[in-house]
Amino acid sequence: MNFHEYQAKDLFAEYGIPVPAGFVASTPLAAVEAARELGGDMWVVKAQVHAGGRGKGGGVKFSTDRASALENIKTLIEQDQAEALQETFANANVHRGKLVETNT
């Protein structure tokens, strides 16, 4: 059984296991809205792929303000992150949405 991180966190939350607040965003505007909705001043934008080492593959970006959250999701979406990650992680199952969550 394969879960993307956002799916696993939804399941954990359903059973009362604490998880960071987050939203799946598939557009830059949705990412900025997610950051606004989450509040705070630090967020993480993560590609959703069934593979380890997302950070090393460029799929995890830290954002310290809404402008950087916008730029980070644009980078992940516009550079065709799915193709880049699939080259890095052969046969990886990549989700087009990106997880935006609080960095706590």
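The structure this text deals with has already been given above.
All of these numbers come straight from a predicted model, not from anything done at the bench.

*Asks:* Give a detailed account of the overall build of the protein chain, specifying residues and quantitative values.
*Replies:* On a plain count of helices and strands, the protein chain comes out with 4 helices and 4 strands. Going through the 104 residues of the protein chain one by one, you find that 36% of them count as buried. In the protein chain, the proportion of contacts linking residues at least 24 apart, taken out of those at least 6 apart, comes to 65%. Surface exposure of the protein chain reaches about 6000 Å², of which carbon and sulfur atoms provide 52%.

*Asks:* Let's hear about the environment of His 50: which residues, and what values?
*Replies:* Among the secondary structure elements, His 50 is positioned in the loop between β2 (43-49) and β3 (60-63). Under the relative-accessibility criterion, His 50 is labelled partly exposed at 21%. In this structure, the C-alpha to C-alpha distance between His 50 and Phe 3, residues 47 residues apart in sequence, is 7.4 Å.

*Asks:* Pulling in residues and values, what's your account of the pattern of salt bridges?
*Replies:* The final tally for this structure, using the stated rule, is 3 salt bridges. Glu 33 serves as the salt-bridge partner of Arg 36, at 2.5 Å between the closest nitrogen and oxygen. Of this pair, Arg 36 and Glu 33 both sit in helix α2 (residues 28-38), separated by 3 residues, roughly a single helical turn. Each of Glu 5, Lys 9 and Lys 46 takes part in one network of salt bridges that share partners.

*Asks:* Explain helix α1 (residues 5-14) to me, and be specific about the residues and the numbers.
*Replies:* Turning to α1, its buried residues are Glu 5, Tyr 6 and Lys 9. The arc that holds every buried residue of α1, seen down its axis, measures 95°, which confines them to one face. Those residues of α1 that are exposed and angled more than 90 degrees off the buried face are Asp 10 and Glu 14. Once α1 ends, the next one or two residues include Gly 16, with phi positive near 80°.

*Asks:* Tell me what's going on with the pairing of β2, and back it up with residues and numbers.
*Replies:* In terms of burial, β2 is a largely internal element, 7 of the 7 residues being buried. Side chains of β2 alternate between two faces, with Trp 43, Val 45, Ala 47 and Val 49 and Val 44, Lys 46 and Gln 48 buried alike.

*Asks:* Report on a nonpolar patch on the surface, specifying residues and quantitative values.
*Replies:* Residues Met 1, Phe 3, Leu 11, Phe 12, Tyr 15 and Ile 17 make up a contiguous nonpolar surface patch of about 710 Å² in total accessible area. Following the sequence through the fold, Phe 3 ends up in the segment before α1. On the basis of relative accessible area, Phe 3 is assigned to the partly exposed category, the value being 41%.

How each quantity is defined
Residues numbered from 1 in each chain as written. Predicted model: local features only at pLDDT ≥ 70, side-chain atom pairs only at ≥ 80, totals over all residues. Heavy atoms only, no water. Helix = DSSP H or I, 4+ residues; strand = E, 2+ residues; numbered from the N terminus. Buried < 20%, exposed > 50% of the residue type's maximum accessible area, 1.4 Å probe, protein only. Contact = heavy atoms within 4.5 Å. Areas by Shrake-Rupley, 256 points an atom, 1.4 Å probe, with all protein chains shown as cover. Salt bridge = Lys/Arg side-chain N within 4 Å of Asp/Glu carboxyl O. Arc of directions from axis to C-beta. Patch = residues over 30% accessible without salt bridge, like charges linked within 9 Å, V, L, I, M, F, W, Y side chains within 5 Å.

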